[in-house]
Amino acid sequence: MAKSKIDTGNETPGKPASEKKVKSAVKKPVAEKTVKKPAGSPVKEKKQSSDNGVATGSSLKNVEVYSRFTDFDISLFKSGKHYKLYEKLGSHVIEFNGVVGTYFAVWAPNAHYVSVIANFNGWNRSSHPLNVRWDGSGIWEGFIPNVGNGETYKYFINSTTGEDLEKADPFALRWEVAPHTASIVADTFYEWKDGDWMASRYGHNALGRPYSVYEMHIGSWARSVESPDEFLTYTQLADKLVPYIKEMGFTHVEFMPIMEHPYYPSWGYQITGFYAASSRYGTPQELMSLIEQLHEAGIGVILDWVPSHFPGDAHGLYKFDGSHLFEHADPRKGFHPDWKSYIFNYGRNEVRAFLISNALFWLDRYHVDGLRVDAVASMLYLDYSRNHGEWETNVYGGNENLEAISFLKEFNEAVYSHFPDTQTIAEESTSFTGVSRPVYTGGLGFGMKWMMGWMHDSIKYFSTDPLYRKYHHNQITFSLIYAFTENFMLPFSHDEVVYGKGSMLRKMPGDEWQQFANLRLLYSYMFTHPGTKLLFMGAEFGQGNEWNFQNSLDWHVLEYPNHQGIKEAVKTLNQLYKDEPALYERAFEGEGFEWVDGGNSNDSVLIYNRKGHDPADDLVVVLNMTPIPHYNFRVGVHKTGTWAEIFNSDAAKFWGSGLENPAPVSTETVNWHGRENSIKITLPPLGATIFKRVKVVPPKYELKK
């Protein structure tokens, strides 16, 4: 069994958490061990005799004094440095004195009384009270015999303020299917078979490798034709999704939040169960199987992670123990005006430990290859979406949220120290300095940052009628001024195809042919621009309707050749991206890009070189942003010899006009674009063409030498 581990200094090395023996905080000697039971399995009591005065299976109380916490655990928790809280807090099926049961532990420092209410006790608030620890940690805990996996439960909390609350478990590994809100006792045991991927995934996730991401929403990617209102399960999804992504050539898939969320229209961004995979689509093990199959196909998995806010549902984290436990009490820091949700208190040690443990949980237990962190900009600034007087400055009089900045740095340090072969990606839209720079140089420590400015400028430019593009030339060239200040990912994400913004296809101007040609040109521009790539589902085949999370994608449009053409173009671009080192080796270095002609606004033509480590891999990219073809168009090149067209977005197989350069072209000693040599090519309408120098093969007699 392969299992990633994080060492906090008190675990048995090399052994899964669910198989470890844990030290009891009970002063009396006890005999106990952790047991794994499949979900929903019946729990049978094991009786044993005792000669040392310890309670046995026949005499256990409703709740036995028991703990998985050591003094070291508590010290780490209080200081915010415990990054494996999912091993301790929550519900865990174990065997204690010969009886299988469940250990419950919950952090509620402002509670006067805490009990477990569940199906097994008829939701009785007084029958199974937990014991508060004596060390001031605020943790309530206890062992309840004869309770196993599959049991539904909540915590009843009587606050010191007198409030009676019923809360789901913040560390529950499984929840009821919404609209039900209770937690379920479960485990994340799984016999992983992706050892080859895990051993070699650094080569897939490294910054100098191809990184093309397919962003998707699980609930609306596809649905059953027979039952369009029902979701595909993780298992059903695997049968369709894995071969599709492999066929399309994407290197990674990014799932919009799959953590448990009560409100489906939030797309998963209003999370209540941070440690639970959404039960809408199946069990934790079924999600693990999906991830494993993606790994077997050579595809990495990225999860959207939301440490920025949470909803105010009564069963969730908000006012968890009657106090502002997880969120700031001051609404100027604790309430998000845009999303009507609540902001984590990043200055509280235990909250930082909760969040960082959660990030590492998905990397550890689910073998995830990266985390895309949502809404980072909202975390960085105290005045984000706030008017004058609605926010308070930091201690230096500025608008930076110093506690959130400190948290993000610690989060990235924790991720990369425990899982150096993964990536963290920031969805951050401001000019904050050093988002993807190491913490030791003053940066936030992310591996990559979404290039939001490029996305908006590119869409705005391509939405403009080609007749007027020459007046907006700076929109399409501006990104190269700052392209290497961060490790940028180029996203065409879900946010751009909802709320009346229209689909990627319908953003394009012109008649039907021009819309499809523009879209192929836009994607060609993205795949040849420095940076990694991200495309939201449906955009890869030119869906005409904007995304509707309530329905499946419009897969039926693939019956038509124009949509098939877009799909083939994206497939070919993904393959080209992986085949040509010049497109990925120096994606974050200025040396990987060179303008040949970025100033031809009159013709709306862009020409640039992409460069790898080997000059023989260099490419020349020419983009024609108008529907006017150009014949005998001269392009300056830096090397003499023969140049061959390796990609043309106007190819007939892509539903283009077929205006290509079928034969290689030789250089002429004509100074052009500041270069001593040049070639003459045919430039297709609304088309991209890419040339590469043909390698000269020496004669046979030279090879024999």
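Residues numbered from 1 in each chain as written. Predicted model: local features only at pLDDT ≥ 70, side-chain atom pairs only at ≥ 80, totals over all residues. Heavy atoms only, no water.

*Asks:* Can you explain the pairing of strand 21 (residues 488-492)? Please cite residues and give values.
*Replies:* With respect to burial, strand 21 is a largely interior element, five of its five residues being buried. Inspection of the sheet shows strand 20 (residues 448-450) paired to strand 21 by two bridges, in the parallel sense. By the bridge assignment for strand 21, Trp-450 is matched with Met-489. Both strand 21 and strand 22 (residues 532-536) contribute to a ladder of four bridges, which runs parallel. Looking at the pairing, Leu-490 lines up with Lys-533 of strand 22. Of the crossover connections in this fold, the one passing from strand 21 over helix 14 (residues 512-528) to the parallel strand 22 is right-handed. (Buried < 20%, exposed > 50% of the residue type's maximum accessible area, 1.4 Å probe, protein only. Helix = DSSP H or I, 4+ residues; strand = E, 2+ residues; numbered from the N terminus. Pairing = 2+ DSSP bridges. Right-handed = clockwise from strand over helix to strand, strands pointing away.)

*Asks:* Let's hear about the nonpolar core: which residues, and what values?
*Replies:* Formed by 193 residues in total, the largest nonpolar core has its most connected members in Tyr-214, Phe-255 and Tyr-523. Among residues more than four places away in sequence, those in contact with Phe-255 are Met-216, Ile-218, Leu-241, Leu-290, Leu-294, Val-301, Ile-302, Leu-303 and Asp-304. (Core = buried A, V, L, I, M, F, W, Y, C linked by side-chain atoms within 4.5 Å. Contact = heavy atoms within 4.5 Å.)

*Asks:* A description of the pairing of strand 24 (residues 605-610) should follow, citing residues and the corresponding values.
*Replies:* Summarising burial for strand 24: six of the six residues are buried, a large majority. By the alternation rule, side chains of strand 24 split into Val-605, Ile-607 and Asn-609 and Leu-606, Tyr-608 and Arg-610, which are all buried. Judged from the five bridges that link them, strand 23 (residues 593-600) and strand 24 form a sheet pairing that is antiparallel. Paired with Trp-595 across the strands is Tyr-608, a residue of strand 24. The antiparallel pairing of strand 23 with strand 24 creates a hairpin that spans four residues between the two strands, and Ser-604 there sits at a positive phi of about 55°. Bridge analysis of strand 24 against strand 25 (residues 619-624) gives six bridges, and the strand direction is antiparallel. Bridged to Asn-609 within strand 25 is Val-620.

*Asks:* Residue-level account of unusual backbone geometry, with values.
*Replies:* Between Ala-178 and the following residue, Pro-179, the backbone shows a cis peptide bond with an omega angle of 15°. Here Pro-179 is to be found in the loop between strand 9 (174-175) and strand 10 (183-184). The phi dihedral of Asn-97 falls on the positive side, at around 55°, and the residue is not glycine. Take Asn-97: it is sitting in the loop between strand 2 (90-96) and strand 3 (99-107). Not every positive phi belongs to a glycine, and Trp-267 is a case in point at roughly 65°. Take Trp-267: it is sitting in the loop between strand 13 (259-260) and strand 14 (273-277).

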